[in-house]
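Take a look at the letters that make up each chain.
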Amino acid sequence: MTPWYRSIRTRIGAAVALTSLLSALLLGLAVDRSIMVGGRNALRAEALQSLAVSAAAYDISGTVPSSSSVGSDATRLPRPLRAALRPGRAVTWFDGHDMWAAQRLEGGRVLSLRAPGARLLEQRASMHRTLGATAGGVVLFALVGGWVVAGSITSRLRRAARAVGAGSGVQDVVGRGDGAARLLGSGPGPRDEVRELVDRIDVLTGSLAARLDRERAFSADVAHELRTPMTALVSAAELLPDGPEATLVRRQTVRLRRLTDDLLELARAEQPEVVVLEPRDLATVVRRMVEGQEGVTLSVVSSDVVRTEPRRLERVVQNLVANGLRHGGGEVRVVVEGRTVRVEDDGPGFPAELLRDGPRRFRSLGAAPGSGLGLSIVSALAVGLEARVELAGGERGAVVTVLLPGAAQRDARE
Amino acid sequence: MSAEGCHVLLVEDDVDVRETTALLLTRHGFHVGTAVDGVEGERALREGSFDVAVVDVAMPRMDGLTLTRRVREWSDVPILLLTARDLPGDVVSGLDAGADDHVAKPYDGEVLAARVRALARRPARRGVVEEVGDVVVDRGARTVVRGGAPVSLSSTEFRLLELLLDHRGAAIERAEALRRVWGDEQWTDARVVDTNVKRLRGKLGDDVIETVRGFGYRLVDVGGRG
């Protein structure tokens, strides 16, 4: 499960928020500039007009309104203004707060005034506040909107991932072979890239399910076809007069028979059917299965009530025990703990490919001859039992753990 | 236990299976007649006199289930079906059709012979009407009457009752009941036998069937014909 800080959602949300923030900022800047330019122009016009009025008043009466001042000393004026003074022309300068206007009069005196720009600045500050608030709101909406849209994508992706079984393997999806592969469905929803991906996954699981079905049908057919010649062969071997040749033949027919029986059991186990699970005490059921068996020791660490079907569970345990006895050097330990049954042996353990890829038909484990079907049978049975089977073990021996659904739950594999 | 004088009809289409099985049964002391399919099998049963019929389910022209159904219309000769381990449906259908037992291929010769012998050992003439206490069972009409009032039994319950009647005097193992009544001892939970015995007791009376601890059940031997 992807943490929030790595999620696509966060990246999209952040990108959208950042973009809208930048847009808001740029917009703000543009508006600000426009206000300032316009405002300064208006202020300048106002200042020039006041200056003209003052000049006219001076011409007429020799005095100026209080807002202006006349003097021969231009040094009290700001330098940029002084620098711009030309005879016969009014000049202006904005010092950041107020607009200065000045003019060199006839006789060398300088008329100047200062028009306050407080109103402009107030206007600007007010606009900043408004824009700031709006931008904040926009960024928030953008973030939420982005989050929601991205969320719809990520939730569909996550749903698809969950449906595929996120790492538990193809077996989870196609295991039931009853059309469960089309879990992702072709339901309503936008026909976008996510949909494309989900549809492709559907096709893939569909073809995998079909492949598995063909494999199953094949081994069921093989078993079926083998049955008749095996029957004749087994009977014929029994009819042979006793002797070394007969013993050899009988030994081989036993092996062939075991293989055929396993194939038939596998075919049977893989038939899709509804298995009725009932609550049972795990230790009690397992004890009945293994007691008295040579080479098998049972220990109960703790026992829970599980939902299971005793016959199938017995086949699972017996197959695992037989595997253990055959490959594991003679002693098999069956351990019941809570809802799990563990079968351990002291043999060479499972080969790495088996641990990695899971059981495959006819892949015999290790050096000792076995049919190689035992684990496939156990897997098939586990599906019906809604149980989870885990293989582990290296040189210290093989361990197979079977986790059964509890009495209150629906599925142990969730 | 000897099988002398016991005539078995083997109906099987595959020549190798037919020959080896016939040889096997002969070795065990049976007189064996053979037929290659259902049609020949039906004719052989009509014309000959056999104590047990061993019938393969999958055959051309007429399969084992059809043969069983047809034969049951005029004979109650014990029928043992040869079934496939991976086709459990066949067994149940076979039992419903009227077969008495089944063995899955490939089978052990010993097991086959033992089951044939057991079927042959059944009383030569199955009484059409039998009594157990105040319960009267008419196997021909498939009806059960208790104290004058008719009792309705499911086909499974009836088969179980018939099995108990066949083994009258002896106890029947739960595993055998599973095989003969439900057709499946590997995949069915033995508790279904207990449940059905309880139902029978409910319908026929608590004292009709006796529990044999750790083994199975037996009909109480109180009155009635054996």
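Per an unreviewed UniProt entry, chain B carries the name Transcription factor SKN7 and comes from Luteimicrobium xylanilyticum.

An unreviewed UniProt entry annotates chain A as histidine kinase of Luteimicrobium xylanilyticum. Per its UniProt entry, chain A bears the Catalytic activity (unreviewed entry) comment "ATP + protein L-histidine = ADP + protein N-phospho-L-histidine." Among the UniProt annotations of chain A, the heading Subcellular location (unreviewed entry) holds the following wording: "Cell membrane".

(A) Local environment of helix α7 (residues 282-290) of chain A. All names here are of chain A. Every buried residue belonging to α7 is among L282, A283, V285, V286, M289 and V290, and all of these are buried. Summarising the axial view, the buried residues of α7 lie within an arc of 165°, below the 170-degree limit, and thus occupy one face. Packing partners of the buried residues in α7 comprise β5 (278-281), β6 (296-303), β7 (305-308), α8 (310-327), β8 (332-338) and β9 (340-345). G292 lies just past α7 and shows a positive phi near 85°.

(B) Up close: the pairing of strand β12 (residues 216-219) of chain B. Residue and element names in this part refer to chain B. Across two bridges, strand β10 (residues 172-173) lies against β12 in antiparallel orientation. The residue of β12 that forms the bridge with I172 is Y217. Two elements, strand β11 (residues 209-212) and β12, share four bridges in a ladder whose sense is antiparallel. Residue pairing for β12: I209 is matched across the bridge by L219. What sits between the antiparallel neighbours β11 and β12 is a turn of three residues, in which G214 has the positive phi angle 70°.

(C) The arrangement of the sheet that holds β11(B) in detail. Residues and elements named next belong to chain B. With antiparallel pairing, the three strands of this open sheet are ordered in space as β10-β12-β11. In this open sheet, the two strands that pair with only one neighbour each are β10 and β11. Relative to the sheet, helix α8 (residues 191-204) contacts β11 and β12, its axis offset from that of β11 by approximately 150°.

(D) Structural context of the packing of helix α7 (residues 174-182) of chain B against α8(B). All names here are of chain B. Interaxial distance between α7 and α8 falls to 9 Å at its minimum, and their mutual angle equals 80°. Between α7 and α8, the crossing angle belongs to the class labelled roughly perpendicular. Each of R174, A177, L178 and W182 in α7 lies in contact with α8, whose residues at this interface are V192, V193, D194 and N196. The residue inventory of the contact of α7 with α8, partitioned by class, reads five nonpolar, one polar and two charged.

(E) Quick look at the interface of chain B and chain A. Each partner contributes residues to the interface: chain B has 28 residues there, and chain A has 28 residues. Regarding the contact of chain B and chain A, the summed buried area is about 2500 Å², with carbon and sulfur atoms giving 57% of it. Linking R191(B) and E278(A) is a salt bridge whose minimum nitrogen-to-oxygen distance equals 3.3 Å. Summed over the shared surface of chain B and chain A, the number is five residue pairs in polar contact (both at pLDDT 80 or more). The set of elements that each furnish at least two residues to the side of chain B that touches chain A consists of α1 (15-27) and α5 (109-120) of chain B. Top element by residues in the side of chain B that touches chain A is α1(B). It accounts for seven residues. Looking at the side of chain B that touches chain A, its residues break down into eleven nonpolar, five polar and twelve charged.

(F) Up close: the UniProt feature "transmembrane region" (unreviewed entry) in chain A. Residue and element names in this part refer to chain A. In the numbering used here, UniProt assigns the "transmembrane region" (unreviewed entry) feature to residues 12-31 and 131-150. Overall, residues 12-31 shows 100% helix and 0% strand. The separation of its end C-alpha atoms is 28 Å. This span, residues 131-150, is 100% helix and 0% strand, and a straight line between its end C-alpha atoms measures 27 Å.

(G) Summary view of the confidence of the model for chain B. Residues at a pLDDT of 70 or more form 92% of chain B, whose mean pLDDT is 86. Interface predicted TM-score (ipTM) for the complex: 0.76; the corresponding pTM is 0.62.

(H) Fine view of the nonpolar core. By size, the foremost hydrophobic cluster in this structure holds 40 residues, and its most contacted members are L282(A), L313(A), L320(A), V334(A) and L404(A). Contributing elements (two or more residues each) for this core: α6 (244-269), α7, α8, β8, β9, α10 (374-385) and β11 (399-403) of chain A. Ranked by the residues each element gives to this core, the list is headed by α10(A), at seven residues. When residues of this core are assigned to domains, at least three map to each of domain 2 (167-272) and domain 3 (278-413) of chain A. Residues in contact with V334(A), not counting those within four places in the same chain, are V286(A), V290(A), V296(A), T297(A), L298(A), S299(A), V321(A), V341(A), R342(A) and V343(A). Of all hydrophobic cores here, the second largest spans 26 residues; its members include V137(B), L153(B), W182(B) and Y217(B).

(I) Region of interest: α8(A). Residue and element names in this part refer to chain A. A rise of 1.5 Å per residue sets the reference length of α8, with its 18 residues, at 26 Å; its end C-alpha atoms lie 25 Å apart and thus fit the reference within 8%. In terms of burial, α8 is a largely internal element, 14 of the 18 residues being buried. Count one or two residues on from α8 and you reach G329, which has phi positive near 80°.

(J) Fine view of the packing of α1(B) against α5(B). Residue and element names in this part refer to chain B. At a minimum axis separation of 10 Å, α1 and α5 run at an interaxial angle of 65°. Where α1 crosses over α5, the two elements pack in a sense that is right-handed. Across the interface between the two elements, T21, L24 and L25 from α1 touch G109, L112, A113 and V116 from α5. Across the contact of α1 with α5, the residue classes break down as five nonpolar, two polar and no charged.

(K) Structural view of the pattern of salt bridges. Tallied over the full model, the rule gives 35 salt bridges over all chains. Taking the shortest distance from any N to any O, the salt bridge between D346(A) and R333(A) comes out at 3.2 Å. Separated by 13 residues along the polypeptide, D346(A) in the loop between β9 and α9 (352-357) and R333(A) in strand β8 bring together distant segments of the chain. Notably, a salt bridge pairs K203(B) with E157(B), separated by 2.8 Å at the nearest N-O pair. A residue pair is termed long-range when its members are at least 10 positions apart, and K203(B) in helix α8 and E157(B) in helix α6 (residues 155-166) qualify at 46 residues. Take K203(B): its relative accessible area is 30%, and that puts it in the partly exposed class.

About the criteria used
Residues numbered from 1 in each chain as written. Chains lettered and ligands numbered in written order. Predicted model: local features only at pLDDT ≥ 70, side-chain atom pairs only at ≥ 80, totals over all residues. Heavy atoms only, no water. UniProt positions renumbered as here; feature names shortened; annotations may be inferred. Buried < 20%, exposed > 50% of the residue type's maximum accessible area, 1.4 Å probe, protein only. Helix = DSSP H or I, 4+ residues; strand = E, 2+ residues; numbered from the N terminus. Arc of directions from axis to C-beta. Contact = heavy atoms within 4.5 Å. Pairing = 2+ DSSP bridges. Axes fitted to C-alpha atoms, helices over the stretch in contact; angles between N-to-C directions. Parallel < 35°, antiparallel > 145°, perpendicular 65-115°, else oblique. Nonpolar A, V, L, I, M, F, W, Y, C, P; charged D, E, K, R; others polar. Buried area = accessible area lost by both parts, 1.4 Å probe. Salt bridge = Lys/Arg side-chain N within 4 Å of Asp/Glu carboxyl O. Polar contact = N/O pair within 3.5 Å; in protein donor to acceptor, adjacent residues only side chain to side chain. pLDDT = per-residue confidence, 0-100. Core = buried A, V, L, I, M, F, W, Y, C linked by side-chain atoms within 4.5 Å. Domains from an automatic or database assignment. Expected span 1.5 Å × (residues − 1). Left-handed = near helix turned anticlockwise from the far one by under 90°.

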